[in-house]
Amino acid sequence: MENKISNQQLGLLGENLVSANLLAHGWDVANLNASFGNFRNIDLICQNKDNECVNIQVKTIYNNNSAFIGLTSKEAVESISNNLIVSAWVFVHIKSLDPLLADYYVLSKGQMIKLISKLHQWYLYEWNRPAKASLENSPAGVHLWMLEGKNRSSKFSDKDFINPLKDVKLINNWDNLWLP
């Protein structure tokens, strides 16, 4: 039987799992949320053996196939144009709590910008449906199928979503953290 877990516990679990993986690679890691509460846009700071540092945003997916990224669709697009995406991103997909099983989708800052740029361009402007103004205020999310590199056809659009990361290995690819 699966355990019940709050959203706060789920987020903490994801951050701790990512921290454990970073430490297992021999990299130093600090959790900003442990010191500053919910630090916006950055959860972890990691330093490798070459003294390179990277900021990391962690999002945890469980019991569904998407993770909200803490912005509306309009804010996601504005964040890109205003250089407010400041971190690499790790999406932790919790497949089971008992036993604990997880996959890690690791995106560099540049990969994340490329994905959400394409996603929200498609979502906001290429779907042929009414009430587009209300879409701008809907929560922005990244779906598991996107992290898996899949394209998606839509019954709402004449234009399919072509994943800009379809040929990029994201799952458990921790080296992506160090890409621009």
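Up top you'll find the structure we're talking about.
K.L.:
Explain the overall build of the chain to me, using residue names and the numbers behind them.
P.N.:
Of regular secondary structure, the chain possesses six helices and seven strands. Dimensions along the principal axes, computed over C-alpha positions, put the chain at roughly 50 × 40 × 30 Å. Going through the 180 residues of the chain one by one, you find that 46% of them count as buried. In the chain, the share of contacts with a sequence separation of at least 24, taken over all contacts with a separation of at least 6, comes to 61%. For the chain, the computed accessible surface area is about 9,800 Å², with 50% contributed by carbon and sulfur atoms. Charged side chains in the chain number 17 positive and 17 negative. The centres of these two groups are separated by 6 Å.

K.L.:
Any chance you could break down the nonpolar core for me, citing the residues and the numbers?
P.N.:
Considering soluble globular proteins, one finds that nonpolar side chains tend to be buried as a cluster. Ranked by internal contacts, the top residues of the largest apolar core, which has 25 residues, are Ile69, Phe91, Leu107, Met112, Leu115, Val142 and Leu147. Contributions of two or more residues to this core are made by β4 (66-72), α3 (73-81), β5 (88-97), β6 (100-107), α4 (109-126), β7 (139-143) and α6 (144-147). Take this core: its biggest share by element is five residues, from α4. With residues near it in sequence (within four places) discarded, valine 142 still touches Asn65, Ser66, Ala67, Ile69, Phe91, Met112, Leu115, Ile116 and Leu147. Core analysis: the second largest hydrophobic core is formed by 21 residues, Leu17, Val58, Val90 and Val92 among them.

K.L.:
Describe the layout of surface pockets, and please don't skip the residues or the numbers.
P.N.:
In this structure, the largest pocket spans a volume of roughly 1,000 Å³. Residue lining of the largest pocket: 37 residues in total, with Asn38, Gln57, Val58, Lys59 and Phe68 positioned closest to the centre. Looking at the lining of the largest pocket, the elements with two or more residues in it are α1 (7-24), α2 (32-36), β3 (53-61), β4 and α3. Taken together, the residues of the lining of the largest pocket sort by class into 15 nonpolar, 16 polar and six charged. Reported here for the second largest pocket is a volume of approximately 240 Å³. Among the secondary structure elements, those contributing two or more residues to the lining of the second largest pocket are β4, α4, β7 and α6. When the residues that make up the lining of the second largest pocket are grouped by side-chain class, the tally is nine nonpolar, eight polar and one charged.

Procedures and definitions
- Residues numbered from 1 in each chain as written.
- Predicted model: local features only at pLDDT ≥ 70, side-chain atom pairs only at ≥ 80, totals over all residues.
- Heavy atoms only, no water.
- Helix = DSSP H or I, 4+ residues; strand = E, 2+ residues; numbered from the N terminus.
- Buried < 20%, exposed > 50% of the residue type's maximum accessible area, 1.4 Å probe, protein only.
- Contact = heavy atoms within 4.5 Å.
- Areas by Shrake-Rupley, 256 points an atom, 1.4 Å probe, with all protein chains shown as cover.
- Lys, Arg positive; Asp, Glu negative; His and termini not counted.
- Charge placed at Lys NZ, Arg CZ, Asp CG, Glu CD.
- Core = buried A, V, L, I, M, F, W, Y, C linked by side-chain atoms within 4.5 Å.
- 1 Å grid on protein atoms, 1.4 Å probe; cavity = no way out; pocket = protein on both sides within 12 Å on 5 of 7 lines; lining within 4 Å.
- Points joined across faces, edges and corners; volume = space filled by probe spheres on them.
- Nonpolar A, V, L, I, M, F, W, Y, C, P; charged D, E, K, R; others polar.

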